[in-house]
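Notes for the structure review
One letter stands for each residue in the lines below.
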Amino acid sequence: MHDELTALAERLAALGDRPGVPCPDPVNAAMIRNWTQALGDTGDWSELAPPAMIQVWSMPGLGAARAGSIADEPLRLLDGAGFTGVVATNCDQTYDRYVRVGEALRSTMRFGGVTGPKKTAMGEGYFVTWFQSWWDEDGARVAEMLFRVLKFRPRGAPRRPSGGRYPLRPAIGPDTRFFWDGVDAGELRVQKCADCAALRHPPGPMCPECHSVERDHVVAAGRGTVHSYVVHHHPPVPGRTPPYVVAVVELDEGVRIVGNVNGCDPADVHVGMPVRLVFERMDDDLVLPQWTPLDAPDPEPPAPRPEGLDIALTPTFVIATALATRDHTPVHHDPALARAQGSQDIFLNILTTIGLVQRYALEREPGAELASIAVRLGAPAYAGDTLTLTGGPAADGTYTVRGLVSLGDHVTATVRFKEPHP
Ligand code: ZN
């Protein structure tokens, strides 16, 4: 397969620019407005199109026949050889000039090359690179894009634990609100009958001893022993990495409470083991009372998020931006299908990511003219997460933008302006 792939890559590269990616509509105000509104871009784009929108002009649209990509043949060959996984790694756009409303564009594609096999974090694979260019009516190039994907042999390794928003949320009602208010205040509250003073957990509306509905609570000291436990290996639970211990902990106050025992090897947990209360932050909003061996250190708090432009990746944002970039791939709007393909949820498309990098750079350097945006892609930006963009001028005159999600770096970008950066 390797020799066949190499020969095919050489043959395709020798073809040079191939026509055949239609731009269905001229550059127009309606599509620009959809795009700027979806991405939250407040720049003045009344005459010129946002440069990061360039690929949108040649997107075929829903139901339209997809123009064959110059890379289809090598990608199929890799599929057949077992390199069935695919992930985009790079998207570099160079802007010769901004395009104007009313211009009709055409687009060409050129094969770049294949490198590999290489060992990567995803598994062994090949990098496949191709180029797309856009041209004006006078035959002058207005933009070019490099696109690179990794085709890899999936290793069948366990999926990385889900990050972002912890997917399991407590149900909080009138009977349990005092408990979660206590967690917010750093207290483990145990319900107490206001008449007979009996303690009870889990909370309920009525005292099982005297049937009084008058309620109070005490604050537990946070010490107990493992009364019983299980080690959970299977099935997978969203947001948790097995194996982990689920224990019934008997508090020194006498009631029992269910929680995880963390901070030690599950094999070290035993009935009668002394444990102490720790509060573990699961995400930006949720803290859970958990347990750890009496002598274990406190869990490390998560690193604080950097200051930057926070973009809440609501499902509406993910879907609206996918549609505004004319990208109808179901993983960007159909949660069930995205999960069936091994994703945690629907996720941001690449055309939006590069548009957000443009937005971040131009909001900070208003009036500057973009020459290029080179994007290296990392962790997916799932619905429910927050994308935090940070960055600024680098020593070499470029502009660096980093986009962080809870799984790590979603994007690392190098932005170049036409004018020397002040
Ligand atoms: Zn009572």
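Since the structure is predicted, the reported quantities are computational estimates derived from the model, not experimental observations.

Let us look at the packing of helix α2 (residues 29-39) against helix α5 (residues 315-324). Two numbers describe how α2 lies on α5: the axes approach to 9 Å, and their chain directions differ by 155°. What the angle tells us is that α2 and α5 run roughly antiparallel. Of the two elements, α2 crosses α5, and the hand of that crossing is left-handed. Only Phe-317, Ala-320, Thr-321 and Ala-324 of α5 make contact with α2, whose side of the interface consists of Asn-34, Trp-35, Ala-38 and Leu-39. Taken together, the residues of the contact of α2 with α5 break down into six nonpolar, two polar and no charged.

It is worth spelling out the coordination of the zinc ion at this point. Within the protein, the zinc ion binds to Cys-193 (SG), Cys-196 (SG), Cys-207 (SG) and Cys-210 (SG); these donor distances fall in the range 2.3 to 2.4 Å. Around the zinc ion sit four donor atoms; with metal-centred angles ranging over 103 to 115°, the donor geometry is tetrahedral. Within one chain, the residues donating to the zinc ion are spaced in sequence as C-x2-C-x10-C-x2-C. In this pair, Cys-196 sits in the loop between β6 (189-193) and β7 (199-200) while Cys-210 sits in the loop between β7 and β8 (215-219), placing the two residues 14 residues apart along the sequence.

Once that is clear, we can look at the environment of Gly-367. Tracing the backbone shows Gly-367 in the loop between α7 (350-364) and β15 (370-377). Residue classification places Gly-367 among the exposed positions, given a relative accessible area of 83%. Residues Gly-367 and Gly-43, 324 residues apart in the sequence, show an inter-C-alpha distance of 9.6 Å.

With that out of the way, let us pick up the environment of Leu-407. In this structure, Leu-407 sits in the loop between β17 (399-405) and β18 (408-417). What makes Leu-407 buried here is its relative accessible area of 15%. A sequence separation of 139 residues divides Leu-407 from Asp-268, and the C-alpha atoms of the two residues are 29 Å apart.

Taking strand neighbours across the sheet as the criterion, the three strands line up as β7-β6-β8 in an open arrangement whose pairing is antiparallel. Because the sheet does not close on itself, it has two edges, and the strands there are β7 and β8. As paired strands, β6 and β7 are joined by two bridges and run antiparallel to one another. What sits directly across from Lys-192, in β7, is Leu-199.

You can read the domains of the chain as domain 1 (2-157 + 313-417) and domain 2 (177-293). On a C-alpha basis, the centroid separation for the pair domain 1 and domain 2 is 47 Å.

Right, let's get into the pattern of salt bridges. In the structure shown here, the tally under the stated rule is 15 salt bridges. Arg-11 is the partner of Glu-73 in a salt bridge, and the nearest nitrogen-oxygen pair spans 3.9 Å. Highlighted residues: Glu-73 in helix α3 (residues 72-80) and Arg-11 in helix α1 (residues 2-14), separated in sequence by 62 residues. Judged by relative accessible area, which is 40%, Glu-73 ranks as partly exposed. Put simply, Asp-136 and Arg-97 hold a salt bridge, and the shortest N to O gap is 2.9 Å.

Bringing the nonpolar core into the picture now. Trp-57, Trp-130, Leu-313, Ile-373 and Val-415 are the most contacted members of the largest nonpolar core, which has 79 residues in total. The element that contributes the greatest number of residues to this core is α7, accounting for seven residues. Counting 25 residues, the second largest nonpolar core, distinct from the first, contains Val-190, Val-269, Val-275 and Leu-277.

Turning our eyes to something else, we now look at the confidence of the model for the chain. Averaged over every residue, the pLDDT of the chain is 90; the share at 70 or more is 94%. Across the chain, α2 holds the top mean pLDDT of 98, while strand β1 (residues 18-21) sits lowest at 80. Here residues 157-163 is a poorly scored stretch, pLDDT under 50, and it has 14 contacts once near neighbours within four places are set aside; other chains count.

Conventions adopted
Residues numbered from 1 in each chain as written. Predicted model: local features only at pLDDT ≥ 70, side-chain atom pairs only at ≥ 80, totals over all residues. Heavy atoms only, no water. Axes fitted to C-alpha atoms, helices over the stretch in contact; angles between N-to-C directions. Helix = DSSP H or I, 4+ residues; strand = E, 2+ residues; numbered from the N terminus. Parallel < 35°, antiparallel > 145°, perpendicular 65-115°, else oblique. Left-handed = near helix turned anticlockwise from the far one by under 90°. Contact = heavy atoms within 4.5 Å. Nonpolar A, V, L, I, M, F, W, Y, C, P; charged D, E, K, R; others polar. Donors = N, O, S within 2.8 Å, 3.2 Å for Na, K, Ca; no water. Tetrahedral: all angles 85-135°; square planar, octahedral: opposite > 155°, others 65-115°. Buried < 20%, exposed > 50% of the residue type's maximum accessible area, 1.4 Å probe, protein only. Pairing = 2+ DSSP bridges. Domains from an automatic or database assignment. Salt bridge = Lys/Arg side-chain N within 4 Å of Asp/Glu carboxyl O. Core = buried A, V, L, I, M, F, W, Y, C linked by side-chain atoms within 4.5 Å. pLDDT = per-residue confidence, 0-100.

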